[in-house]
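Here is how the chains run, residue by residue.
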Amino acid sequence: MGDNNKMKVDSVLQLTPRQQMMSSGAGALMVSLFMTPLDVVKIRLQTQDRLMTKKCFLYSNGIMDHLCAKMNGDPPARALHTAEEICNCKWYNRPKYFNGTLDAIVKISRTEGVTSLWSGLSPTLVLAIPTTMIYFTTYEQLKAMIANQYNKYTELQGGLGSVKRTSPDGSNTDTSMSPVWISLTAGGLARTWAVTVVNPLELVRTKMQSQKMKFYQVRSGIKDLVRTRGIAGLWSGYTATLLRDVPFSALYWPLYEQTKSMFGYESFAVDFASGAVAGSIASTVTLPFDVIKTTKQIEIGERDIMAVHRGVARTNQQIVQDILREQGVKGLFSGLTPRILKVAPACAIMISSYEFFKKFFRTQNLMERNEL
C-alpha cells in the first residue's frame, strides 16, 4: 500500500513536456535579461574602433551567439553624446565614443535611455527561447530513456550498478548513483539536435538583419542560397558550432550533477554555484573549439554578408593550422577570462532558474492532486 502511494506521488511530481519547456524558456529569459546589457556595452566599445568598419562581430547574451555587421562606416561630424548624434541605424552601429565599461553604461543610459542597454534582445529571444526549450527538454527525455534502459539491462545482469529509475523530467534521478556517461551522452545528443534545428533559422535571421530584408524576401533568399550551394548551404558553420557546443554540453551536465551531489542538499544557491562551477570548467576545456567557431562565424559573415572577403572559406583544420602558425598554442586559448566571465554567470542563472521553475511546477502538481 505504501509503495502504491509513493508511485502515485512520483507520477504527480513528474513534469509534463509543456511544463519542462516553460521552465527552460523562463530560464532563457532570465539569462537574456541579466546578460544582454553587458554584451551590448562590449559590442558598443568594439564598434567605436575604426578597424571594425565593415566587419562582423558576435553578439552573445550567454544563451546564443548572433552574427552582426557594422555597416555605416565612420560617424558624421557632430557634437558627441547628444541625441542628434544617434543615427537611424542598428543599435550596434550608433556612433559613440566611450572611455570604458562604466562610462559606456552611463552615457548610453543618459543619451539613449536605459532600455537601450537591452538592444537586440527581441531577435535574440525569438531563437534563444525555442532553442533552449528544445535543448533542455531533449536532454531530460534522453537522459530518462537511457537511464531506464540501463536500469533494465543491469537488472537482467543481476542488479549490479543499477540506477534509480528516472522520470522524463529528472525528478527521480539519483545523480550520485547514475553513471557519468548517461548525462554526458544525453547532453551531447541533445545539443546536436538543437543546433541542427536552429542553424538554418539563425542563418536566415542574420541575413534579414544585416541585409535589411523584409520577411517576404526571405523565401527568395533561401532559394538563391539552396540553388548556389545546395541544401547544405543552410547549415553553413554547422560543424564549427557542433565542435564547440556538443563537447561543452557533454561536459557540463555530468560536471553540474556531480558538483551538486557534493553539497548533499538542494537549494537555489547550490544550483547556482554548481552551474557556475560546471560552466567554468566546461568553457575552459572547450575554449579552443570556441576560438575556431568564432573565427569561422566571422569569416562566413564577412564573405556572405559583407562581401569584404572573397573566395572559399577556410576549413576548421586550416583555421587551426593558421592560428598555430601565427600565434602558437596560446592562440587557441585566447580570451579565456572574458569567456569564463560570460559563461559562468549565464550557466548559473540558467540552471538555477530552470530548477526553480521545475520545483514550482512540481509543487503545483502536488497541490492539484491534494485538491482532488
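These numbers come from a predicted model, not from an experiment.

Conventions adopted
- Within each chain, residue numbers correspond to sequence positions counted from 1 in written order.
- Thresholds applied to this predicted model are a pLDDT of at least 70 for local features of residues and 80 or more for the giving and counting of side-chain atom pairs; totals over whole chains, interfaces and linings are not thresholded and use all residues.
- Hydrogens and water are ignored here; the side-chain numbers use all heavy atoms of the structure.
- A pairing counts as a salt bridge when a side-chain nitrogen of Lys or Arg comes within 4 Å of a carboxyl oxygen of Asp or Glu.
- Strands are runs of DSSP state E lasting at least 2 residues, helices are runs of H or I lasting at least 4, and numbering of each runs from the N terminus.
- Here's how the labels work: a residue is buried when its accessible area is under 20% of the maximum for its type, exposed when over 50%, partly exposed in between, all with a 1.4 Å probe on protein chains only.
- Residues grouped as a nonpolar core are buried Ala, Val, Leu, Ile, Met, Phe, Trp, Tyr and Cys residues, joined through side-chain atoms within 4.5 Å.
- For this analysis, residues touch if any pair of their heavy atoms sits within 4.5 Å.
- Surface patches are drawn from residues lacking salt bridges whose relative accessible area is over 30%; two like charges belong together within 9 Å, two nonpolar side chains (Val, Leu, Ile, Met, Phe, Trp, Tyr) within 5 Å.
- Exposure was quantified through the Shrake-Rupley algorithm and a 1.4 Å probe, taking into account, for residues, occlusion by the shown protein chains and nothing else.
- Known as pLDDT, the predictor's confidence for each residue is given on a scale from 0 to 100.
- Classification of ring pairs uses Phe, Tyr and Trp, with its six-membered ring standing for Trp, and accepts pairs whose centres are within 6.5 Å; under 30 degrees between planes counts as stacked, over 60 as edge-to-face, and the remaining range as tilted.
- Distance and angle both matter: a charge sits over a ring if NZ of Lys or CZ of Arg is within 6 Å of the ring centre and within 35 degrees of the ring normal.
- Working convention: axes come from line fits to C-alpha atoms, limited for helices to the stretch in contact. Angles between N-to-C directions cover 0 to 180 degrees.
- Helix crossings fall into two classes, left-handed where the near helix is turned counterclockwise from the far one by less than a right angle and right-handed where it is turned clockwise.
- Each residue is assigned to one of three groups, with Ala, Val, Leu, Ile, Met, Phe, Trp, Tyr, Cys and Pro labelled nonpolar, Asp, Glu, Lys and Arg labelled charged, and all others, Gly among them, labelled polar.

### Looking at the pattern of salt bridges
Next up, step 1: All told, the structure shown has 12 salt bridges when counted by the stated rule.
Next up, step 2: Close ionic contact of Lys-143 with Glu-257 constitutes a salt bridge, the shortest N to O distance being 2.7 Å. Pair noted here: Lys-143 is in helix α4 (residues 121–156) and Glu-257 is in helix α7 (residues 238–263), with a separation of 114 residues, a long-range link. The exposure classification of Lys-143 matches that of Glu-257, with both residues buried.
Next up, step 3: Ionic pairing is found between Lys-358 and Glu-355, a salt bridge with its closest N-O pair at 3.8 Å. Of this pair, Lys-358 and Glu-355 are both found in helix α11 (residues 336–371), 3 residues apart, which corresponds to roughly one turn of the helix. This pair shows no difference in class: Lys-358 is buried, exactly as Glu-355 is.
Next up, step 4: Each of Glu-140, Lys-260, Glu-266, Asp-271, Glu-355, Lys-358 and Lys-359 takes part in a single network of salt bridges with overlapping partners.

### Section: the nonpolar core
Next up, step 1: In terms of nonpolar packing, the biggest core is built from 25 residues, with Phe-136, Tyr-252, Trp-253 and Ile-351 touching the most fellow members.
Next up, step 2: Counting residues per element, the ones that place at least two in this core are α2 (17–47), α4, α5 (180–210), α7, α8 (268–285) and α11.
Next up, step 3: In terms of residues, this core owes the most to one element, α11, which gives 7 residues.
Next up, step 4: The contacts of Phe-136, once residues within four sequence positions are left out, are Ser-24, Trp-253, Met-350, Ile-351 and Tyr-354.

### Points about a nonpolar patch on the surface
Next up, step 1: A surface patch of nonpolar side chains, amounting to about 440 Å² of accessible area, comprises Leu-29, Leu-33, Phe-34, Val-114 and Trp-118.
Next up, step 2: Secondary-structure assignment places Val-114 in the loop between α3 (101–112) and α4.

### Notes on the confidence of the model for the protein chain
Next up, step 1: When the pLDDT values of the protein chain are averaged, the result is 76; 67% of them are 70 or greater.
Next up, step 2: Averaged over each element, pLDDT in the protein chain is lowest for helix α1 (residues 2–13) (43) and highest for α8 (95).
Next up, step 3: Across residues 1–12, confidence stays below pLDDT 50; counting only partners more than four residues off in sequence or on other chains, it has 7 contacts.

### Section: the packing of aromatic side chains
Any two aromatic rings considered together are summarised by their centre-to-centre distance and by the angle between their planes.
Next up, step 1: All told, the structure shown has 12 aromatic pairs when counted by the stated rule.
Next up, step 2: In this arrangement the basic side chain of Arg-191 is found over the ring face of Tyr-135, its NZ or CZ atom lying 3.9 Å from the centre.

### A word on the packing of α7 against α8
Next up, step 1: Across the interface, α7 lies against α8 with an axial gap of 8 Å and an inter-helix angle of 145°. Every pair of crossing elements has a handedness; the one defined by α7 and α8 is right-handed. Residues Phe-248, Leu-251, Tyr-252, Leu-255, Tyr-256, Thr-259, Lys-260 and Phe-263 of α7 form the contact with α8, whose participating residues are Val-270, Asp-271, Ala-273, Ser-274, Gly-275, Val-277, Ala-278, Gly-279, Ile-281, Ala-282, Ser-283 and Val-285.
Next up, step 2: Among the residues making up the contact of α7 with α8, the classes are represented as 13 nonpolar, 5 polar and 2 charged.

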